[in-house]
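Single-letter residue listing:
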Amino acid sequence: MLGNMTELQFDKGTLILHRLTQEEQQTLQLAGVQWDQRTQTHRAPAWYYREIILQLRQNEVAHEDHAKSFEPVALPLKKPITPRSFQAKARDAWIENGKQGVVVLPTGAGKTVLAVLLISLTERPTLIHVPTIDLMHQWIDVLSAHFDEPIGALGGGSHEIERLTVSTYDSALIHATHKGNAFGFVIYDECHHLPSEQYQFTALATLAPFRLGLTATPERADGREAQLYEWLGGLCFTIHIDELEGNTLAPYDVETIEIDLNDEERAIYDETRANYIDFLRSEHINMSSPRGWQTFIYRSSLTPEGRQAFQAYLTQKRLSQAAAGKEEAIWNLLQQHRGDLILIFTQDNDMAYRLGRRFLLPVLTHQTKVKERKAFLDAFRAGDYRILVTSKVLNEGVDVPEANVAIVVSGSGSIREHVQRLGRVLRARPGKRATLYELIARDTGEYYINERRRQHRAYERFS
Amino acid sequence: MKPDFIDPANRALIGLAENLLAVFRESVGKTRSQIEEESKVIIDSAETSALFARGLEKLLMDRLEFETAADEDLIAWRHQLFLQTSQLLSREAFPTLDAYHQALANQQGKPIGTVADTLFSDLPENQRALHFRSFSAERLLHRYNVAHVQWLLLNAHALTISTKQQDTKAWRQFFRHLRFHQLLADISKNKAGTFKITVDGPISLFQQTKKYGLSLATFFPAVLHLSEWKLQADIHLRNRKPKRLVLDHTVGLRPYSGHFLAHIPEEIAMFQKLFQVQETEWKIAPADDFIRLPGDAYGFADFGLEHPSGKAVGLECFHAWHGGPLNHRLKQLKDLEEIPPLLLGVDRKLAKDPAITARLEESSYFRKWGFLFREMPSPKAVLKCLKALSA
């Protein structure tokens with residue numbers, strides 16, 4: 001019998017504190033705890049677990065912990081790793097921060113290896129969250145190389161849970177309510193995704209006391225990186241791209257190639273852009289406002305003129321992003337870089353498949369079947385495929401160390417996307433110099449999109 | 001907040017729905033892109049909002065089943081082709097793109113146009129429709145209105161339903177769906193006999209989270225099977241202040257699936273059958289009424305058991321994801337050992353949780369009126385409890 005001892009239980013992403021009286025809570029002020037009228041118990045979001053346990057211990061309150069379902073586990077490395085100096089500094093900063101925190105490292109700087117070091121050091125069952133299936137496979141390969149452990153996978157049709165498990169954010173969200181007490185260490189790769197309205201639940205619903213966030217670009221347009229730091233224990237280490245260029249990261253060049261629309265394209269572009277802008281003005285729609293886009297979609301659906309304006313918007317956008325002259329530029333670059341490993345990035349799948357058909361090249365999008373995705377990436381890494389076309393799925397994280405040329409055919413105005421794409425070709429190799437080409441349709445809206453996304457120190461010296 | 005419902009009796013809207021249905025009824029064997037092209041003609045010429053027309057199209061697309069099996073031969077051919085193109089482009093300088101195409105066509109033994117057309121022929125846009133679940137234009141329009149509410153509920157954190165006594169099938173499915181979607185329900189009844197059911201999830205106590213929005217949205221159709229109901233939910237759309245959605249049965253929303261009530265899961269039907277074979281006195285049936293619990297609380301069991309002597313008891317089963325509700329129920333029942341309203345079955349997977357083990361060991365109610373099961377209860381375990389009840 002437990003008598004009157006407070007008992008912690010995990011319940012669907014929350015902690016229930018049985019037999020904690022109202023008076024005790026008033027005295028102890030346990031973090032995050034509130035009285036739940038629905039179940040007549042005290043309850044807290046699971047992520048307060050660490051703080052609550054520390055408070056109970058500090059106040060010498062006897063308690064039974066039935067919340068966590070993991071134990072310490074030895075996770076020795078197959079072979080010792082000698083970290084680079086900045087990785088050692090990041091490791092030490094994270095330990096000093098209480099084995100929690102966000103580490104900001106440029107793409108290609110070896111954040112996965114850093115994570116491997118910390119997993120071995122922390123000695124707890126670990127769940128790694130990743131944004132894409134490709135990254136999931138990549139992490140599984142890396143963990144298998146360093147640990148003599150079966151590696152679990154959640155997502156992309158897989159459902160195997162092991163002491164070391166990699167999950168997509170989407171799958172982790174589905175399982176958070178049952179599995180939030182199964183891991184003592186959680187890692188969020190590309191953690192700038194975490195504060196989204198759905199994914200945040202994966203941080204709130206886990207009681208893991210040890211946390212690591214990894215990203216090259218923590219800043220969010222909505223300012224929610226502050227929440228990221230709150231849930232993961234603060235920002236504990238940062239190093240910038242220019243501090244690593246030439247050592248850990250390959251030296252690189254960025255070249256902008258301006259493409260002229262042909263006469264027919266120019267005539268249609270000018271007409272459709274005028275149509276689209278006139279509609280915005282007549283409806284007083286400000287596309288820079290937070291609701292600008294939704295307002296445009298709604299109003300344009302109501303009348304024939306609106307539908308015409310919407311079609312005009314699509315046409316002028318397509319012409320700027322997929323101008324015929326861009327295909328000629330791509331062909332010239334492919335000829336110029338014979339033998340190099342080239343990544344071609346587009347804004348959307350249609351353009352990616354169009355280029356794939358035109359040049360008979362492999363295309364990787366979210367529509368690519370799981371088995372083929374892995375095969376494409378393996379072939380590209382091995383050098384059997386020299387060129388890979390993609391829309392957005394390779395924006396983040398995927399390691400293609402030999403790639404040295406990136407061609408951005410079209411993209412959004414997102415700084416993050418542009419920095420991440422550059423990062424895909426910066427993994428250092430002896431003698432490697434990387435080049436990123438941006439193809440911009442001259443005298444179109446693409447010019448402004450390009451200006452916006454280059455507002456980052458990675459592009460400063462090329463402005 | 002007033003949802004933008006359409007009038008399902010509006011002749012123009014029925015006409016649009018009929019035109020779209022005509023496309024989809026003839027869709028078997030066509031590719032996704034062909035179907036989209038045909039429906040686009042109708043959408044573009046519709047006099048209604050294009051957003052609404054596209055909404056109807058989406059609902060109809062969801063009723064199509066497409067062929068999705070991977071073509072292994074195509075995948076293998078593609079890989080070989082990409083190896084060839086990779087070698088060509090990395091080793092040779094071609095004066096023109098046409099020269100490269102010609103070199104590849106020669107290797108493949110077919111025109112380059114054919115190679116390009118075949119290359120990504122298994123993309124979703126090229127998948128062929130296998131089957132379409134048709135229904136009437138009027139039902140499509142009703143379905144649109146329900147989908148509109150579901151979209152709003154994606155952005156809700158909780159909802160409150162007020163309702164009076166219901167048809168037993170409707171109650172049963174209502175509570176089954178609640179449990180299936182792992183939602184917490186707080187049930188109370190006022191003096192006028194109106195039940196108030198607040199539905200949300202554990203973490204919504206603390207957090208403005210949209211975690212439960214999807215569960216609430218997929219749960220909502222269960223409400224439509226109740227004969228009288230009123231629903232309230234606070235909707236949090238991005239970049240807007242929260243607004244209260246209030247609906248009731250008079251708005252005319254119709255349930256969209258008759259299968260909803262008719263379906264009894266196989267394992268439940270099997271358990272019932274086995275029980276009745278082994279036991280001749282006690283009668284078992286899916287529960288058809290609330291069980292009164294201490295305070296203002298009510299529960300709704302999975303089964304009701306009745307004896308010719310007039311004794312009656314419910315049977316409630318707690319599966320692996322029901323830790324919280326089990327705790328709550330044990331607390332509610334702790335003083336009711338002498339006249340138990342419920343027998344409690346607990347899945348062994350749930351009982352492995354140390355916290356639950358402790359709860360069950362502490363509970364004298366469970367010791368007397370509970371049992372463990374694997375997947376579904378065994379008649380033997382239930383009969384043991386009933387024997388004690390009859391004694």
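All of these numbers come straight from a predicted model, not from anything done at the bench.

Cut-offs used in this document
Residues numbered from 1 in each chain as written. Chains lettered and ligands numbered in written order. Predicted model: local features only at pLDDT ≥ 70, side-chain atom pairs only at ≥ 80, totals over all residues. Helix = DSSP H or I, 4+ residues; strand = E, 2+ residues; numbered from the N terminus. Rg over C-alpha atoms; globule rule 2.2 N^0.38 Å. Buried ≥ 20, exposed ≤ 12 C-beta atoms within 10 Å, placed from the backbone. Contact = placed C-beta atoms within 7 Å. pLDDT = per-residue confidence, 0-100. Core = buried A, V, L, I, M, F, W, Y, C linked by C-beta atoms within 7 Å. Axes fitted to C-alpha atoms, helices over the stretch in contact; angles between N-to-C directions. Parallel < 35°, antiparallel > 145°, perpendicular 65-115°, else oblique. Left-handed = near helix turned anticlockwise from the far one by under 90°. Nonpolar A, V, L, I, M, F, W, Y, C, P; charged D, E, K, R; others polar. Pairing = 2+ DSSP bridges. Domains from an automatic or database assignment.

### Overview of the overall build of chain A
- On a plain count of helices and strands, chain A comes out with 17 helices and 19 strands.
- For 463 residues, the compact-globule estimate of 2.2 N^0.38 gives 23 Å, and the C-alpha radius of gyration of chain A, at 25 Å, lies within 12% of that figure.
- By its C-alpha atoms, chain A is 85 × 55 × 40 Å across when sized along the principal axes.
- A total of 463 residues make up chain A; the buried ones form 50% of that total.
- In chain A, the proportion of contacts linking residues at least 24 apart, taken out of those at least 6 apart, comes to 74%.

### So, the overall build of chain B
- Within chain B one finds 16 helices and 14 strands.
- Its C-alpha atoms give chain B a radius of gyration of 29 Å, clearly above 21 Å, the size a compact globule of 391 residues would have.
- Counting every position in chain B, which comprises 391 residues, the buried fraction comes to 32%.
- Sequence separation of 24 or more characterises 69% of the internal contacts of chain B that already satisfy a separation of 6 or more.

### Quick word on the confidence of the model for chain A
- Per-residue confidence for chain A averages 91 on the pLDDT scale, and 99% of its residues sit at or above 70.
- Ranking the elements of chain A by mean pLDDT puts helix 17 (residues 446-453) of chain A last with 82 and strand 11 (residues 185-189) of chain A first with 98.

### Quick word on the nonpolar core
- The biggest cluster of nonpolar side chains holds 127 residues, and the ones touching the most others in it are A:L15, A:V103, A:L343, A:I344, A:A406, A:I407 and A:V425.
- What A:A406 contacts, discounting residues up to four positions off in sequence, is A:L343, A:F345, A:R421, A:L422, A:R424, A:V425 and A:L436.
- Judged by nonpolar contacts, the second largest core, of 56 residues, contains B:W171, B:F174, B:L183 and B:L305.

### Remarks on the packing of helix 5 (residues 133-146) of chain A against helix 15 (residues 370-382) of chain A
All names here are of chain A.
- One can describe the packing of helix 5 onto helix 15 by two numbers: an axis separation of 10 Å at closest approach and a directional angle of 60 degrees. Classed by the angle they form, the pair helix 5 and helix 15 counts as oblique. The way helix 5 lies across helix 15 gives a crossing that is right-handed. Every residue of helix 15 that contacts helix 5 at I133, D134 and H137 is listed here: V370, R373, K374 and L377.
- Looking at the contact of helix 5 with helix 15, its residues break down into three nonpolar, one polar and three charged.

### Digging into the sheet that holds strand 13 (residues 342-347) of chain B
All names here are of chain B.
- Read across the open sheet, the five strands follow the order 8-11-12-13-14; overall the sheet is mixed. Each edge of the open sheet is held by one strand with a lone partner, namely strand 8 (283-286) and strand 14 (370-373). This sheet shows a mean twist of 25 degrees between the axes of neighbouring strands, independent of strand direction.
- Direction of pairing for strand 13 relative to strand 14: parallel, over a ladder of four bridges.

### Some thoughts on the environment of A:G110
- Structurally, the position occupied by A:G110 is in the loop between strand 6 (100-104) and helix 4 (111-122).
- In this structure, the C-alpha to C-alpha distance between A:G110 and A:L154, residues 44 residues apart in sequence, is 23 Å.

### Re the sheet that holds strand 18 (residues 405-408) of chain A
Residue and element names in this part refer to chain A.
- Here we have six strands laid out as an open sheet, ordered 14-19-18-15-17-16, and parallel in their pairing. The two strands at the open ends of the sheet, each matched to only one other strand, are strand 14 (252-259) and strand 16 (363-364).
- Looking at chain direction, strand 16 and strand 17 (residues 387-390) are connected through two bridges and run parallel. Bridging across to strand 17, L364 finds its partner in T390.

### Some remarks on the domain arrangement of chain A
- Entries for chain A in the domain assignment read domain 1 (6-66), domain 2 (85-239), domain 3 (252-260 + 323-462) and domain 4 (263-321).
- Here the C-alpha centroids of domain 1 of chain A and domain 4 of chain A sit 55 Å apart.

### Structural notes on the pairing of strand 12 (residues 312-318) of chain B
All names here are of chain B.
- Most of strand 12 sits out of view: five of its seven residues are buried.
- Across four bridges, the pairing between strand 11 (residues 303-306) and strand 12 is antiparallel. What sits directly across from F303, in strand 12, is L315.
- In textbook terms, the turn of a hairpin is the stretch between consecutive antiparallel strands, and for strand 11 and strand 12 this stretch comprises five residues, one of which, G310, has a positive phi near 105 degrees.

### Notes on helix 16 (residues 415-423) of chain A
Residues and elements named next belong to chain A.
- Most of helix 16 is tucked away: seven of the nine residues are buried.
- Looking only at helix 16, the buried set comprises R416, H418, V419, Q420, R421, L422 and G423.
- Looking at the buried residues of helix 16, the elements they touch are strand 15 (342-345), strand 18, strand 19 (434-441) and helix 17.

### Some words on the confidence of the model for chain B
- Looking at chain B as a whole, the pLDDT averages 86, with 93% of positions reaching at least 70.
- In the predicted complex, the global pTM is 0.77; the interface-specific ipTM is 0.80.

### A few points about unusual backbone geometry
All names here are of chain A.
- A positive phi angle is found at E60, which is not glycine, with a value near 50 degrees.
- Here E60 is to be found in the loop between helix 2 (49-58) and strand 5 (63-66).
- Unlike most non-glycine residues, E190 shows phi in positive territory, near 50 degrees.
- In this fold, E190 is placed in the loop between strand 11 and helix 7 (200-204).
- The exposure class of E190 is buried, given the 24 C-beta atoms found within 10 Å.

### Considering the environment of A:A403
Residue and element names in this part refer to chain A.
- Inspection of the secondary structure assignment puts A403 in the loop between strand 17 and strand 18.
- The buried category is assigned to A403, around which 24 C-beta atoms lie within 10 Å.
- Spatially, the C-alpha atom of A403 lies 21 Å from that of D348, the residues being 55 residues apart in sequence.
- Setting aside chain neighbours within four positions, we find A403 in contact with L341, L343, R424 and V425.

### Thoughts on the packing of helix 1 (residues 11-25) of chain B against helix 7 (residues 137-153) of chain B
Residues and elements named next belong to chain B.
- At a minimum axis distance of 9 Å, the contact between helix 1 and helix 7 shows a crossing angle of 105 degrees. With respect to helix 7, the element helix 1 is oriented roughly perpendicular. Counting all contacts with helix 1, which are made through L13, I14, A17, E18 and L21, the residues of helix 7 involved are A137, E138, L140 and L141.
- The class makeup of the residues in the contact of helix 1 with helix 7 is seven nonpolar, no polar and two charged.

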